[in-house]
Amino acid sequence: MSGTGLVVLIAALALATAVGLVLRARNGRVRTTTGAGSPDGWALTGSTPEGAEQVLLLQLSSPVCTPCRQTAGVLGELAAGEPGVRHVEIDVADRPDVARALSVMRTPTTIGFDRTGRELLRVSGVPRRAELDAALAPELRGRPA
Amino acid sequence: MSAPDGSGAPARSADPPLDPRGVRFAAGLTTVVLALVLVSGSGWLAAAQALVFAAGAFAGMRFAPYGVLYRLAVAPRLGRPAEREEAAPVRFSQTVGFVFAAVGAIGYFSGLTVLGIVAAAFALVAAFLNAAFGFCLGCEMYGLLARARAARA
């Protein structure tokens, strides 16, 4: 029986619980970002908005990553049902330069860009679909021409 | 054991994809064992947990003892998993766990009890995060390392 060990056990469990709660609160949450000065996702991936496309959802993934696959499912479905959204998935193993340019550490990370390449939002983890829809709605409803 | 999950994805490594509930179950057992290590200060228990980690890390996830226990005793009572999880990051996390458990055992055996406690506590935090929140620290490290390797190549 180790008194010190018991104290450390309780402290470690408390710390881990706090960290876990923070991670769970952040995971999949849509954060609107002010895109001032951040690079243009269209240009980084060599794509241009076509037709009705208003928003690029750029997904950064790694090769062996279960949540990346789930994220691709969520975003693929969204883009399929919404002509204003383009979904592009890149593998950070192939394009570490893109991850560096956008300061992305974790996969999956999804970054939304408007038609002009301004960053709108970021999501770390599998995006919460309802939050993402709500965040994109103002862009997709179309601004006055 | 590894019936095709219908995704049509080719197997990328020797380890078939894992049932995520089994991964959580194993992390829960690991948390309990590491808590007992901290409370008892037993180097032998830390060494036993290091061996458990070593089986999954070096022989393959099929041989991970807690995973075997899950497949034999728990999985038959549950339905089929809704999804499966890539094995490679989990296997890597077992390697990280092995290092911490082994260092912990060495600490306790050699009288460097503080080293034993610190190593066991780190491993416990990682196992608990996985068991309670489904967050796999070792898997995150795996992703970062895979990127670093790709960037250098």
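Counting restarts for each chain, with residues numbered from 1 along the sequence as it is written. Labels are handed out in written order, letters beginning with A for the chains and numbers beginning with 1 for the ligands. For this predicted model, a pLDDT threshold of at least 70 governs which residues receive local features, and a threshold of 80 or more governs which side-chain atom pairs are given and counted, while totals over whole chains, interfaces and linings are taken from all residues.

Can you lay out the overall build of chain A for me, pointing to particular residues and giving the numbers?
Numbered from the N terminus, helices here are DSSP runs of H or I no shorter than four residues, and strands are runs of E no shorter than two. A tally of regular secondary structure across chain A gives 5 helices and 5 strands. Sequence-ordered secondary structure for chain A, helices as α and strands as β, is α-β-α-β-α-β-α-β-β-α. Here the C-alpha radius of gyration of chain A, 18 Å, is well above what a compact globule of 145 residues would show, namely 15 Å. Taken along the three principal axes of its C-alpha coordinates, chain A extends 70 × 30 × 30 Å. In chain A, the proportion of contacts linking residues at least 24 apart, taken out of those at least 6 apart, comes to 75%. Atoms counted for the radius of gyration: C-alpha only. Globule rule: 2.2 Å times the number of residues to the power 0.38. By the criterion used throughout, residues are in contact when their C-beta atoms, derived from the backbone, lie within 7 Å.

Could you give an account of the interface of chain A and chain B, with specific residues and numbers?
Taken together, the 26 residues of chain A in the interface contact 25 residues of chain B. When contributions to the side of chain A that touches chain B are tallied by element, the ones reaching two or more residues are α1 (3-26) and α4 (96-101) of chain A. If you tally residues by element for the side of chain A that touches chain B, the top one is α1(A), at 13 residues. Of the residues in the side of chain A that touches chain B, the class split is 17 nonpolar, 7 polar and 2 charged. Only Asp, Glu, Lys and Arg are considered charged in this grouping, and only Ala, Val, Leu, Ile, Met, Phe, Trp, Tyr, Cys and Pro are considered nonpolar; every other residue, Gly among them, is considered polar.

Can you lay out the packing of helix α2 (residues 43-59) of chain B against helix α4 (residues 87-110) of chain B for me, pointing to particular residues and giving the numbers?
All names here are of chain B. For helices, the fitted axis covers only the stretch in contact; all axes are lines through C-alpha atoms, and the angles between them, taken along N-to-C directions, range from 0 to 180 degrees. In the contact formed by α2 and α4, the axes pass within 8 Å of each other and the chain directions differ by 160°. In terms of orientation, α2 lies roughly antiparallel with respect to α4. Judged by the twist between their axes, the crossing of α2 over α4 is left-handed. Of the residues in α4, those touching α2 at G43, A46, A47, Q49, A50, F53, A54, G56 and A57 are R91, Q94, T95, G97, F98, A101, A102, G104, A105, Y108 and F109. Across the contact of α2 with α4, the residue classes tally to 12 nonpolar, 7 polar and 1 charged. Angle categories are assigned with fixed cut-offs, so that under 35 degrees is roughly parallel, over 145 is roughly antiparallel, 65 to 115 is roughly perpendicular, and the rest are oblique. Left-handed is the label given to a crossing in which the near helix is rotated counterclockwise from the far helix by less than a right angle, and right-handed is the label when the rotation is clockwise.

Now, about the nonpolar core: what can you tell me, with residues and values included?
Here a nonpolar core is just a set of buried residues of the types Ala, Val, Leu, Ile, Met, Phe, Trp, Tyr and Cys, joined wherever their C-beta atoms sit within 7 Å. In this scheme every C-beta is placed from the backbone, and a residue whose C-beta has 20 or more other C-beta atoms within 10 Å is buried, one with 12 or fewer is exposed, and one in between is partly exposed. Residues B:L34, B:L38, B:A120, B:A123, B:L124 and B:V125 are the most contacted members of the largest nonpolar core, which totals 72 residues. By residue number, the principal contributor to this core is helix α5 (residues 113-133) of chain B, which donates 13 residues. Setting aside residues no more than four positions away along its own chain, B:L38 makes contact with A:G5, A:V8, A:L9, B:I117, B:A120, B:A121 and B:L124.

So what about unusual backbone geometry? Which residues, and what values?
Glycine aside, negative phi is the norm for most residues, and most peptide bonds take the trans geometry. Residues and elements named next belong to chain A. Along the chain, T107 connects to P108 via a cis peptide bond; the corresponding omega equals -5°. Inspection of the secondary structure assignment puts P108 in the loop between α4 and β4 (109-114). At S103, a residue that is not glycine, the phi angle is positive and equals roughly 50°. Overall, S103 belongs to the exposed group, with 10 C-beta atoms counted inside 10 Å.

Break down the confidence of the model for chain B for me, with residues and values.
Per-chain confidence: chain B averages 88 in pLDDT, with 90% of residues scoring 70 or above. Our summary of model confidence lists the complex with pTM equal to 0.82 and ipTM equal to 0.83. Confidence scores labelled pLDDT are given residue by residue by the predictor and lie between 0 and 100.

Lay out the sheet that holds strand β2 (residues 55-61) of chain A with the relevant residues and their values.
Residue and element names in this part refer to chain A. Only when DSSP finds a minimum of two bridges between them are two strands counted as paired. Taken in spatial order, the 5 strands make up an open sheet running β1-β5-β4-β2-β3, and their pairing is mixed. On the outer flanks of this sheet lie β1 (30-32) and β3 (85-91), each paired with one strand and no other. The sheet shows a mean angle of 20° between the axes of neighbouring strands, direction not considered. In this structure, β4 lies alongside strand β5 (residues 119-124), joined through 5 bridges in antiparallel fashion. Paired with T110 across the two strands is V123, which belongs to β5. Sheet strands in contact with helix α5 (residues 129-140) are β1, β2, β3, β4 and β5, and its direction is about 35° off that of β1.

An account of helix α3 (residues 65-74) of chain B is requested, with residue identities and associated values reported.
Residue and element names in this part refer to chain B. Along α3, the residues classified as buried are Y66, G67 and Y70. Viewed end-on, α3 has its buried residues packed into an arc of 105°, placing them on one side of the element. In α3, those exposed residues whose orientation departs by more than 90 degrees from the buried face are L72 and A73. Tucked into the core, α3 has its buried residues touching α1 (20-40) and α2. Working note: the arc is built from the helix axis to C-beta atom directions.

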